[in-house]
Amino acid sequence: MKLVSFIGLSVTALTLTFSTPSFADNGRRIDVDSKVVTEHKARINGERFSYTATTGTQPVWNEQGDAVATLQYTYYTRDKVDDRTKRPLVFSFNGGPGSASVWMHLAYTGPRVLKIDDEGYPVQPYGVKDNPYSILDVADIVYINPVNTGYSRVLENEKGELPSKSDQQKMFFGVNADIKYLAEWLNTFVSRNERWRSPKFLIGESYGTTRVSGLAHELQNRQWMYINGVILVSPTEIGIKREGPVEAANRLPYFAATAWYHKALSADLQAKDLDELLPEVEQFTVNKFLPAIAKGGFLPADEKRAIIKQAAKYAGLSEKFVEQNNLDIPNNFFWKELLRERGQTVGRLDSRYLGIDKRDAGESPDYWAELTSWLHSFTPAINYYLREELNYKTDIKYNLFGNVHPWDRSGNNTGENLRLAMAQNPYLNVMIQSGYYDGATNYFDAKYTMWQLDPSGKMKDRLSFKGYRSGHMMYLRHADLESSNNDLRDFILKSLPAEGKAAKY
């Protein structure tokens, strides 16, 4: 045991190295089964307490009992908890597929977040700071990196050979393979850490929502591990189709939000608050815009003219542009067109961010302004944080985006499986969180997914939606970091049944 001193921190670091073999990655090695434990203090939600961070690797085994991969994770537990059987445990995943867990770990729910300004833009020097809104006050958290993300890697066999690319895809890189091996890994983690009796929650962002939707069912039906809550952050379609007129129409509320933010709407609409404007646009979308697109070329001329006029007004676009696109405005056209006259483009994952292109002409932006901005901050922060604050040292490269392609997207029934998991488990609640300025997984698509998740309406009191004035990673905006964590905290606490309350209808 040794005492390590960090900026503003006094950390006791206990390193436990297991005698399992290391994995070589271009000459760099990572232990297959290892952990480093550090002790910290935090002030969260107005309360000061100590907590422990465990950073390590845990193997993935095949059916023959061979270690075929190792997953790197970080596990936070609040200290001095008398009865951990009552303490919630949250499993956190990001998406991609191919994205590490860094985003929600170092910007949303963890006890430390990266240094950015109040709107989410990078500042130097890079690094991390305390997160006074983390949910660690009410729940322990595990951030998990799937295969080839973070420090997680596929393992060589006894001959020093990696599985073939096709075998790796079958084992790890597909909707259902991903869910299957992660469920097995979670079973091992829960057993090792003696958390079987704890209430459990899954949170996923973007493709991670596909992952956790499938895991809820897989854990219940293959691992017999029942979940109290699933949080879908900026959700994908989770296998619930949104095609044709629905896909085209559902973009309009997002267009309106973005145009409102950039003050590109008419004076009467711009004068409204976003909370007043969006319900109006949503009603128009469902009741008039969607049916108009569905009628296609047989939409009566006078009706078409009225729809074009109103849609253009809500989207901040010219009527001619809307007409030329037959009411179906592709996202990339919008990102380029909205501020074309100003010589700027808007971001995909967060349309608050502005870009500049080589040419103002064209159909789509040259680059994603928000992603280049985020990578400014996240890459140095996670590499610093894991090595220098959590004392986890390896020469393996931390993959913010790992090689997991081609990804097998066939057989995606994750939405239906989430519905079935809810039906099977009266304790299970679902919350969706979306940013109004997210153009990749837009918020109205998320609402549509929620509506279609349970067509019977019998479980709608266990489904909820929260919207925020930011983008795909809504928590990067300081005001939404606070409100989204508070929403999470409330959801977790409300999803804990009263002691002795039976799980039955």
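As the structure is a prediction and not an experimental result, all values here were calculated from the model.

Student: With reference to specific residues and values, describe the packing of helix α6 (residues 252-261) against helix α9 (residues 301-315).
Tutor: A pair of packed helices is captured by two measures, namely the crossing angle of their axes and the spacing between those axes. With their axes 7 Å apart at the nearest point, α6 and α9 run at an angle of 45° to one another. The angle between the axes of α6 and α9 places the two elements in the oblique class. Residues L252, F255, A256 and A259 of α6 form the contact with α9, whose participating residues are A311, Y314 and A315. Looking at the contact of α6 with α9 residue by residue, the classes come out as seven nonpolar, no polar and no charged.

Student: Which residues make up the nonpolar core, and what values go with them?
Tutor: Ranked by internal contacts, the top residues of the largest apolar core, which has 90 residues, are F91, F172, L202, L215, V230, F289 and L327. At nine residues, helix α3 (residues 175-192) tops the list of elements feeding residues into this core. The residues contacting L202, other than those within four sequence positions of it, are F91, V212, L215, A216, L219, I227, G229, V230 and I231.

Student: Report on the pairing of strand β8 (residues 89-93), specifying residues and quantitative values.
Tutor: With five of its five residues buried, β8 lies for the most part within the structure. Residues L89, F91 and F93 line one face of β8 and the alternating positions V90 and S92 line the opposite face, and both faces are buried. Bridge analysis of β8 against strand β13 (residues 200-205) gives five bridges, and the strand direction is parallel. Bridging from a neighbouring strand, F91 pairs with L202 of β13. Note: β8 against strand β11 (residues 140-144), four bridges, orientation parallel. Residue pairing for β11: L89 is matched across the bridge by D140.

Student: Tell me about the pattern of salt bridges, and please be specific about residues and values.
Tutor: This structure, assessed with the given rule, holds 29 salt bridges. In this structure, D33 and R192 form a salt bridge, with 2.8 Å as the shortest nitrogen-oxygen distance. Here the residue D33 occupies a position in the loop between β4 (28-31) and β5 (34-44), and R192 occupies one in helix α3, the gap between them amounting to 159 residues. Classification of D33 as buried rests on a relative accessible area of 7%. Note that R195 is salt-bridged to D140, the shortest N-O span being 2.9 Å. Note that R195 is positioned in the loop between α3 and β13 and D140 in strand β11, a separation of 55 residues in sequence. For the pair formed by R195 and D140, the shared burial category is buried. What you see here is one network of salt bridges that share partners, running through E119, D350, R352, R477 and D480.

Student: Please provide a residue-by-residue account of the side chain of S373, values included.
Tutor: Structurally, S373 is set in helix α12 (residues 369-389). Not counting residues within four places of it along the chain, the set of residues in contact with S373 comprises Y121, P122 and Y353.

Student: Lay out the packing of aromatic side chains in plain terms, naming residues and giving numbers.
Tutor: Applying the stated criterion across every chain yields a total of 30 aromatic pairs. Aromatic pair F91 and F189: ring centres 6.5 Å apart, planes at 80°, arrangement edge-to-face. Of this pair, F91 sits in strand β8 while F189 sits in helix α3, placing them 98 residues apart in sequence. F91 sits in the buried class, given a relative accessible area of 0%. The buried category is assigned to F189, whose relative accessible area is 0%. Taking 4.5 Å as the distance between ring centres and 40° as the angle between the ring planes, the aromatic pair formed by Y121 and Y353 counts as tilted. Placement of the pair is Y121 in the loop between β9 (112-114) and β10 (128-130) and Y353 in the loop between β15 (345-346) and β16 (354-355), with a sequence separation of 232 residues. Through successive ring pairs, a cluster of aromatic residues spans Y73, Y75, F91, W185 and F189. In this structure, R78 packs its charged tip against the face of F49, placed 4.1 Å from the ring centre.

Student: Mind laying out unusual backbone geometry, listing which residues take part and the relevant values?
Tutor: Cis geometry marks the peptide bond from Q124 to P125; its omega dihedral reads 0°. The residue P125 is located in the loop between β9 and β10 in this model. Of note, the bond from H405 into P406 is cis; its omega dihedral lies within 30 degrees of zero at 5°. Positionally, P406 belongs in the loop between α12 and α13 (414-424). Positioned with a positive phi, E194 is a non-glycine residue whose angle comes to about 55°. By the element assignment, E194 lies in the loop between α3 and β13. Although it is not a glycine, W224 sits at a positive phi angle of roughly 55°. Mapped onto the fold, W224 is located in the loop between α4 (207-222) and β14 (229-233). The exposure class assigned to W224 is exposed, which follows from its relative accessible area of 64%.

Thresholds, definitions, all that
- Residues numbered from 1 in each chain as written.
- Predicted model: local features only at pLDDT ≥ 70, side-chain atom pairs only at ≥ 80, totals over all residues.
- Heavy atoms only, no water.
- Axes fitted to C-alpha atoms, helices over the stretch in contact; angles between N-to-C directions.
- Helix = DSSP H or I, 4+ residues; strand = E, 2+ residues; numbered from the N terminus.
- Parallel < 35°, antiparallel > 145°, perpendicular 65-115°, else oblique.
- Contact = heavy atoms within 4.5 Å.
- Nonpolar A, V, L, I, M, F, W, Y, C, P; charged D, E, K, R; others polar.
- Core = buried A, V, L, I, M, F, W, Y, C linked by side-chain atoms within 4.5 Å.
- Buried < 20%, exposed > 50% of the residue type's maximum accessible area, 1.4 Å probe, protein only.
- Pairing = 2+ DSSP bridges.
- Salt bridge = Lys/Arg side-chain N within 4 Å of Asp/Glu carboxyl O.
- Phe/Tyr/Trp six-rings, centres within 6.5 Å; stacked < 30°, edge-to-face > 60°.
- Lys NZ or Arg CZ within 6 Å of the ring centre and 35° of its normal.

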